[in-house]
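Spelled out from the first residue to the last, the chains are:
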Amino acid sequence: MLAKAANNRVNEYCRESFDPLKDLSCEARINKFLPKQVTEREDDIVLNSAFLVGKDEVGDFINIVDVLILQRYLRCKNWLYVSKNHIPSCVYRL
């Protein structure tokens, strides 16, 4: 029962994160999870997604990412924000 509640919470966070970013994107998709050997990260992946964003929308896209991180941080304090090669990436820690 606890696992189901945790899974529902994760799905809720994924929807709340994916949908606003999808709205600003030309294309958006949810990818399969990558094994830790590929990502070289200790954190479990909750959402692996890709977004194609037009040049004019990049600033708004990054602002939404920042807002989502802040919302999660204030609610859960479990978000980890990583920027690699100026590409924003965020990880939700369970």
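Our structure's up above, just so we're on the same page.
Definitions and limits used
- Residues numbered from 1 in each chain as written.
- Predicted model: local features only at pLDDT ≥ 70, side-chain atom pairs only at ≥ 80, totals over all residues.
- Heavy atoms only, no water.
- Helix = DSSP H or I, 4+ residues; strand = E, 2+ residues; numbered from the N terminus.
- Buried < 20%, exposed > 50% of the residue type's maximum accessible area, 1.4 Å probe, protein only.
- Contact = heavy atoms within 4.5 Å.
- Expected span 1.5 Å × (residues − 1).
- Arc of directions from axis to C-beta.

Draft legend 1. Fine view of the environment of Phe-51. When you line up the elements, Phe-51 lands in strand β2 (residues 49–52). Assessed through its relative accessible area of 24%, Phe-51 is described here as partly exposed. Along the primary structure Phe-51 and Lys-22 are separated by 29 residues, whereas in three dimensions their C-alpha atoms are 7.1 Å apart. Those residues in contact with Phe-51 that sit more than four places away from it in its chain are Phe-18, Leu-21, Lys-22, Ser-25, Glu-27, Ala-28 and Phe-61.

Draft legend 2. Molecular detail of helix α1 (residues 2–23). Compared with the 32 Å implied by 1.5 Å per residue over 22 residues, the 32 Å span of α1 between its first and last C-alpha is a close match. All of the buried residues in α1 are Val-10, Tyr-13, Cys-14, Ser-17, Phe-18 and Leu-21. Considered in projection along α1, the buried side chains sweep an arc of 120° and stay on one side of the axis. Structural note: α1 exposes Lys-4 and Asp-23 on the side pointing more than 90 degrees away from its buried face.

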